[in-house]
Amino acid sequence: MYWSKFFIPTLKEVPLGVEAVSHQLLLRAGLVHMLTSGVYSYLPLGFRVLRNIENIIREEMNKAGAHELLLPSLHPVELWKKTGRNVTLAEVMIRFEDKKGRAMCLGPTHEEVITDLVQSYVQSYRQLPLTLYQIQTKFRDEIRPRFGVVRACEFIMKDAYSFDDDKAGLEKNYQLQYTAYQNIFERCGLKTVVLEADSGAMGGDISHEFMVPAPIGEDEIYSCSSCHFQGGIKSAGDPSNLLCPKCKSGRLEKQVAIELGHIFQLGTKYSQAMNAVFLDATGKQKPIIMGCYGIGVSRLIAAVVEKNNDSKGIIWPKEVAPFDLEIVPVQTSDQAIMDLSNKFYVELQQKGISVLFDDRDESAGIRFKDADLIGLPFRLVLGKRTVSENKIEIKNRRTDETLLVNIDEAVNKIAALLN
Ligand SMILES: Nc1ncnc2c1ncn2[C@@H]1O[C@H](COP(=O)(O)OP(=O)(O)O)[C@@H](O)[C@H]1O
Ligand SMILES: [Mg+2]
Ligand SMILES: [Zn+2]
């Protein structure tokens, strides 16, 4: 991609009133744009990151045996009355009446819609187990949208739902999703802490939250000062006075964290309310046993940036980076430099490497600053002086290291660095 023909509206100034580092950087690097509080556009560079994350999620979901589908965002409120969540979720639900006078809402989540779908097709244990997922826009009328795409009113979620004929099946699917979640976050360059949510209030349902410690987090986790324990603390009272539940001697330190994913063993809560039943091998009718598994895809982008940046800008982990590498010719008016840059542009792409070529008629200084800001993993710098010595520069954004390599060895060297 040629920068001059692309759309990357970088900003020089930090927008006023924007607190979170990730939010500042996503705006400054031209990845997202705010339409109104809690509502964001993904600009071409941000959209490429979104696609990369979605594809990681798809690969891991497919590996876990889940099948992708796409459910509607427009729901009749009538359906939500079956579980009573038109009342319990009333605060976040965006509702309206259509021209035919039907009460409608924009889906804040999809347990009702998917359970309704599955109950209309599944009759027998032979059709189970089944895990379905989608990557789709959710709508929640958040009272306090915050930190840009971290807590938005319109956001992208991956939601998966498993359907089993017994508890062992649910536990197996739950474990598959748990492992998929660990793989997804690791591939996105994030270290997560998994919290087993307090089961008491939820009627014994098992649930786990995948958290990333970060100053903008809205949840609390505790880590031990002497062992490796990290987790939630169920006990009432002030946990900072408590001893570590694992080693029983270390002091607990509180950290705030962002919730990125949440998985639940739902059991028969929804299937009973919506009459999603099947006949077992003996012909006995039973409610389907369900699990649900959510990841905030758009929130994940913010978390990646929150954890991967420095004073100069974003530092993308390899798998989510909008491009693998940026080519920066120092002298854009020098035809030989531009020809050589173009040659690299073609050859690198032939190797399957995605390349952004900053061919803009701007000073090298401005373009270097923008390169640091948008944070692609590698930068190839072609300057008259080094090229006259038959060399070019490869710069690693994360380590700040610069390699000077022979021109004819550069393509192979870059391919090796990216592997
Ligand atoms: N308002 C929001 N904006 C962006 N992402 C969200 C929002 N609400 C939830 N998410 C993401 O979707 C995932 C699943 O949502 P869920 O557990 O139903 O939400 P909550 O924890 O807010 O009840 C969350 O772990 C989070 O990553
Ligand atoms: Mg949650
Ligand atoms: Zn400890």
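See the structure printed just above.
To keep things clear, this report deals only with the structure shown in the data block. All values derive from a computational prediction rather than experimental measurement. (Residues numbered from 1 in each chain as written. Chains lettered and ligands numbered in written order. Predicted model: local features only at pLDDT ≥ 70, side-chain atom pairs only at ≥ 80, totals over all residues. Heavy atoms only, no water.)

Details of the coordination of the zinc ion (ligand 3)
Taken together, the protein ligands of the zinc ion (ligand 3) are Cys224 (SG), Cys227 (SG), Cys244 (SG) and Cys247 (SG), with distances of 2.2 to 2.4 Å. Classification of the site at the zinc ion (ligand 3) as tetrahedral follows from its four donor atoms and the range of 106 to 115° in their angles at the metal. Motif for the zinc ion (ligand 3), donor spacing along one chain: C-x2-C-x16-C-x2-C. On the criterion of sequence distance, the pair formed by Cys224 in strand β11 (residues 219-224) and Cys244 in the loop between β12 (230-231) and β13 (252-267) is long-range, its members being 20 residues apart. Exposure class is identical for Cys224 and Cys244. Each is buried. (Donors = N, O, S within 2.8 Å, 3.2 Å for Na, K, Ca; no water. Tetrahedral: all angles 85-135°; square planar, octahedral: opposite > 155°, others 65-115°. Helix = DSSP H or I, 4+ residues; strand = E, 2+ residues; numbered from the N terminus. Buried < 20%, exposed > 50% of the residue type's maximum accessible area, 1.4 Å probe, protein only.)

Some remarks on the sheet that holds strand β19 (residues 325-329)
One open sheet holds the five strands; their spatial order is β20-β19-β21-β22-β23, and the pairing between them is mixed. Single-partner strands in this sheet number two, and they are β20 (355-357) and β23 (402-406). Averaged over all neighbouring strand pairs, the angle between strand axes comes to 25°, with direction disregarded. Where β19 lies against β20, three bridges are found, and the strand directions are parallel. From the neighbouring strand, Ile327 faces β20, where its bridge partner is Phe357. Packing against the sheet, helix α9 (residues 335-350) makes contact with β19, β20, β21 (378-382) and β22 (391-396), and its axis sits at approximately 165° to β19. (Pairing = 2+ DSSP bridges. Axes fitted to C-alpha atoms, helices over the stretch in contact; angles between N-to-C directions. Contact = heavy atoms within 4.5 Å.)

A look at the packing of helix α2 (residues 44-63) against helix α6 (residues 167-187)
In the contact formed by α2 and α6, the axes pass within 9 Å of each other and the chain directions differ by 155°. Considering their axes alone, α2 and α6 lie roughly antiparallel with respect to each other. Crossing of α2 against α6: the hand is right-handed. On α6, the residues touching Ile56, Ile57, Glu59, Glu60, Met61 and Lys63 of α2 are Gln177, Ala180, Tyr181, Asn183, Ile184 and Arg187. A per-class count over the contact of α2 with α6 returns six nonpolar, two polar and four charged. (Parallel < 35°, antiparallel > 145°, perpendicular 65-115°, else oblique. Left-handed = near helix turned anticlockwise from the far one by under 90°. Nonpolar A, V, L, I, M, F, W, Y, C, P; charged D, E, K, R; others polar.)

Examining the side chain of Asp370
Take Asp370: it is sitting in helix α10 (residues 364-374). For Asp370, a relative accessible area of 11% translates into the label buried. Those residues in contact with Asp370 that lie beyond four places of it in its chain are Trp3, Thr10 and Arg360.

What to know about the packing of α2 against helix α8 (residues 297-307)
Relative to each other, α2 and α8 sit at 110°, their axes nearing to 10 Å. With respect to each other, α2 and α8 are oriented roughly perpendicular. Considering the relative orientation of α2 and α8, their crossing is right-handed. In contact with Gly46, Val49, Leu50, Ile53, Glu54 and Ile57 of α2, α8 contributes Val297, Leu300 and Ile301. Taken together, the residues of the contact of α2 with α8 break down into seven nonpolar, one polar and one charged.

Quick look at the sheet that holds strand β4 (residues 74-76)
Taken together, three strands build an open sheet; the order of strands is β4-β6-β5 and the sheet is antiparallel. The open sheet has two free edges, formed respectively by β4 and β5 (94-97), since each of these has just one partner strand. Averaged over all pairs of adjacent strands, the angle between strand axes in this sheet comes to 35°, irrespective of strand direction. Both β5 and strand β6 (residues 103-106) contribute to a ladder of four bridges, which runs antiparallel.

Side note on the layout of surface pockets
Unoccupied space between atoms shows up once a probe the size of one water molecule is rolled over them. Estimates place the volume of the largest pocket at around 920 Å³. Lining the largest pocket we find 38 residues, and of these Arg140, Met157, Glu259, His262 and Phe264 sit closest to its centre. Where the lining of the largest pocket is concerned, the elements lending two or more residues are β8 (154-164), β13, α7 (269-273) and β16 (289-296). The leading source of residues in the lining of the largest pocket is β13, at seven residues. For the second largest pocket, the calculated volume is near 270 Å³. Lining the second largest pocket are 13 residues, with Leu11, Lys12, Ile366, Lys369 and Asp370 positioned closest to its centre. Sort the elements by how many residues they give to the lining of the second largest pocket and α10 lands first, with five residues. When its residues are assigned to classes, the lining of the second largest pocket shows four nonpolar, one polar and eight charged. For the lining of the second largest pocket, the two domains that each supply at least three residues are domain 1 (3-71 + 110-216 + 255-310) and domain 2 (325-418). (1 Å grid on protein atoms, 1.4 Å probe; cavity = no way out; pocket = protein on both sides within 12 Å on 5 of 7 lines; lining within 4 Å. Points joined across faces, edges and corners; volume = space filled by probe spheres on them. Domains from an automatic or database assignment.)

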